[in-house]
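Results of the structural survey
Chain residues, written in single-letter form:
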Amino acid sequence: MMKYISTRGNAPELNFEEVLLTGLADDGGLYVPKDVPQFSQAEIESWRDLPYAELAHKIILPFVEGCVDSADLKKILDEVYASFDHKAVAPLQQLDHNEYVLELFHGPTLAFKDFALQTLGRLLDYVLERRHEKVVIMGATSGDTGSAAIEGTKTCRNVDIFILHPHNKVSAVQRRQMTTVEGDNIYNIAIEGNFDQAQDMIKASFADKSFLKGERKLVAVNSINWARIMSQIVYYFYSSLNLGGPLRPMAYSVPTGNFGDIFAGYMAKKMGLPIEQLIIATNSNDVLHRLMSKNQYEVHELLHTITPSMDIAVSSNFERLLFDLYDRDGQALAELMTRMNAKTDVVALAEDKLAKARELFDSYACDEDTTVATMQEVYAESGYMLDPHTAIGVKAARTVRRNNSIPMITLGTAHPVKFEEAVQRAGFDVPALPHHLKDLMERAERLDVLPADLAAVQKFVAEKTFK
Ligand SMILES: *Cc1c(COP(=O)(O)O)cnc(C)c1O
């Protein structure tokens, strides 16, 4: 049975089920698998003709073994990927010779987060049913995560989900993707305040859960949950197999915020997939690019950009990489993280650790004008409309690519229809909503507007949970 350990070396080992129901480890660290499953080239090669859901089963099973029965996992994954609106699930779009976009936006909410959250919701319900428990999910969102989490849990019988968003500060499409979902376990709370205030209320609720009267677990669905990373490993294998891997290596460029998606690529490589290059592509919130290029880790003020899903001040999953760079020495990492989180001075990595990071990753930071120019450039070349997050990935790929004879795959993290402001700035007409969302703007909305007041929010959550 797979065991999970904390990056800070001072929390109990957990099994998959426990990790699924836990956010941060008790010592403040993140959980990672104790041993990474390894696949041989021959084994990977034998999966070439598998449809997406079957490939996902091969890759995810070792992470959940002992907690989720193989046949049940199969059923869950079949159901998840049947909800996508493209038969290939994650199709490749060619931009140029040896250059591709991996379209990860064919799920219910049109962004890659569906891959993880559709699976996470069903796995949660599966283990809760067995434990005869119910949980509460709370999260704050400025866009993609909230809708994907709501869609992923709407059929869960054992989960009540409360998603906070800043009132009138989320685009109409993004808001409606949350507020029009039907389900009596779903609560959309519009906070009369900004995203940071909403986020602070979530943090405070996790820090002191007494408002839940000790009767319900509070579960986090942000990208520190291991089950999300696990699901994202699959599409690296899938895209590689489609382009002749593992017999030839691939390169990936990943629009990065919290470092969850690209960490999944790093995992794929550790598991045996030949990956020649991994590019960390960021917007002007470039804490990782500054670290990689100058060895200076310094947290700056958050900037609000036209790529809101990559707007982060700190990249929480980067800790999982640092754990490996520091040879899985939890003590050393705990000290390093204390310095990094203090935000008082500029932290540098040890030279040999930085060298290892640079061997594994390249990085690039893209400003808004360059993002828009890239959307225009690609449209002019091939008539293909990129969403702004994906455009950052494409620009990074074209700028820091190591080897032109290796296929370069940029992860297409969202559909352009979700990001109207950027699309209009690039001079395009906003594309039509995909078929399953055609009537989104006419559907009835359900939301509760609450003041930016912790007591009011917690009272609301408690009332709805224990009604
Ligand atoms: C969440 C998100 C990202 C960033 O992914 P991380 O795993 O946080 O690095 C990039 N693009 C889009 C569209 C997203 O929704």
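Residues numbered from 1 in each chain as written. Predicted model: local features only at pLDDT ≥ 70, side-chain atom pairs only at ≥ 80, totals over all residues. Heavy atoms only, no water.

Some points on the overall build of the chain
Secondary structure summary: the chain contains 18 helices and 13 strands in total. Against the globule reference of 23 Å for 467 residues, the chain gives a C-alpha radius of gyration of 21 Å, in line with a compact fold. Its C-alpha atoms give the chain principal-axis dimensions of roughly 60 × 50 × 50 Å. Split into buried and exposed, the 467 residues of the chain put 59% on the buried side. Pairs at least 24 residues apart make up 75% of the contacts formed inside the chain by residues separated by at least 6 positions. The chain carries 48 positive and 64 negative side-chain charges, and their two centres are separated by 2 Å. (Helix = DSSP H or I, 4+ residues; strand = E, 2+ residues; numbered from the N terminus. Rg over C-alpha atoms; globule rule 2.2 N^0.38 Å. Buried < 20%, exposed > 50% of the residue type's maximum accessible area, 1.4 Å probe, protein only. Contact = heavy atoms within 4.5 Å. Lys, Arg positive; Asp, Glu negative; His and termini not counted. Charge placed at Lys NZ, Arg CZ, Asp CG, Glu CD.)

Focus: the pairing of strand E12 (residues 408–412)
Of all 5 residues in E12, 5 are buried, a share of seventy percent or more. Across the two faces of E12 the burial is the same, with Met 408, Thr 410 and Gly 412 and Ile 409 and Leu 411 all buried. Note: strand E4 (residues 99–103) against E12, 5 bridges, orientation parallel. From the neighbouring strand, Leu 102 faces E12, where its bridge partner is Leu 411. Sheet topology note: the strand E9 (residues 250–255)/E12 ladder contains 3 bridges and is parallel. Paired with Ala 251 across the strands is Met 408, a residue of E12. (Pairing = 2+ DSSP bridges.)

Section: the sheet that holds strand E7 (residues 186–192)
Overall, parallel pairing links the 5 strands, which are arranged E8-E5-E6-E7-E13 in an open sheet. Every interior strand has two partners, whereas the edge strands, strand E8 (217–219) and strand E13 (448–451), have only one. On average, each strand axis in the sheet is inclined to that of its neighbour by 30°, with strand direction left out of account. Two strands pair when backbone bridges link them, and E7 and E13 are joined in this way by 4 bridges, in the parallel orientation. Note that in E13 the partner of Ile 191 across the bridge is Leu 450. Relative to strand E6 (residues 159–166), helix H5 (residues 113–131) is tilted by about 140°, and along the sheet it contacts strand E5 (135–140), E6 and E8. (Axes fitted to C-alpha atoms, helices over the stretch in contact; angles between N-to-C directions.)

Quick word on the site of the ligand
The full set close to the ligand counts 15 residues, and Lys 113, Asp 144, Gly 257, Asn 258 and Asp 261 are the nearest of them. Between the ligand and the protein, one listed contact pairs an oxygen atom with a side-chain N or O atom of Lys 113 at 2.5 Å. With respect to the ligand, the backbone of Phe 259 contributes an N or O atom lying 3.0 Å from an oxygen atom. Protein chains bury 96% of the 390 Å² of accessible surface belonging to the ligand in isolation. Of the residues that constitute the shell around the ligand, the class distribution is 5 nonpolar, 7 polar and 3 charged. (Near = heavy atom within 4 Å. Polar contact = N/O pair within 3.5 Å; in protein donor to acceptor, adjacent residues only side chain to side chain. Areas by Shrake-Rupley, 256 points an atom, 1.4 Å probe, with all protein chains shown as cover. Nonpolar A, V, L, I, M, F, W, Y, C, P; charged D, E, K, R; others polar.)

Some words on the side chain of Thr 282
Of note, Thr 282 is situated in strand E10 (residues 275–282). Classification of Thr 282 as buried rests on a relative accessible area of 2%. Residue contacts for Thr 282: discarding those within four places in its chain leaves Thr 256, His 289, Met 310, Tyr 364, Ala 365, Cys 366 and Ile 392.

A short note on the packing of H5 against helix H9 (residues 226–242)
Following both chains from N to C, one finds H5 and H9 inclined at 130°, their axes separated by 8 Å at the closest point. Taken together, the axis directions place H5 and H9 in an arrangement best described as oblique. In this structure, H5 crosses over H9, and the sense of that crossing is right-handed. From H5, Lys 113, Phe 115, Ala 116, Leu 117, Thr 119, Leu 120 and Leu 123 reach across to H9, where they touch Ala 227, Arg 228, Met 230, Ser 231, Gln 232 and Tyr 235. In the contact of H5 with H9, the residues fall into 8 nonpolar, 3 polar and 2 charged. (Parallel < 35°, antiparallel > 145°, perpendicular 65-115°, else oblique. Left-handed = near helix turned anticlockwise from the far one by under 90°.)

Comments concerning empty space enclosed by the protein
Under the counting rule described, the total for this entry stands at 4 cavities of 30 Å³ or more. Estimates place the volume of the largest cavity at around 40 Å³. Along its surface, the largest cavity is lined by Val 32, Pro 33, Val 36, Trp 226, Phe 263, Tyr 266, Met 267, Lys 270, Arg 320, Asp 324 and Arg 328. Elements with a contribution of two residues or more to the lining of the largest cavity: strand E2 (31–33), helix H10 (260–270) and helix H12 (318–325). Ranked by residues supplied to the lining of the largest cavity, first place goes to H10 with 4 residues. Here the lining of the largest cavity is composed, by residue class, of 7 nonpolar, no polar and 4 charged. (1 Å grid on protein atoms, 1.4 Å probe; cavity = no way out; pocket = protein on both sides within 12 Å on 5 of 7 lines; lining within 4 Å. Points joined across faces, edges and corners; volume = space filled by probe spheres on them.)

Remarks on the state of the cysteines
Evaluation of the coordinates by the stated rule reveals 0 disulfides. Here Cys 156 stays free of any disulfide, with the sulfur of Cys 67 as its closest cysteine sulfur at 18 Å. (Disulfide = S-S within 2.5 Å.)

The values are spatial; any link to function lies outside them.
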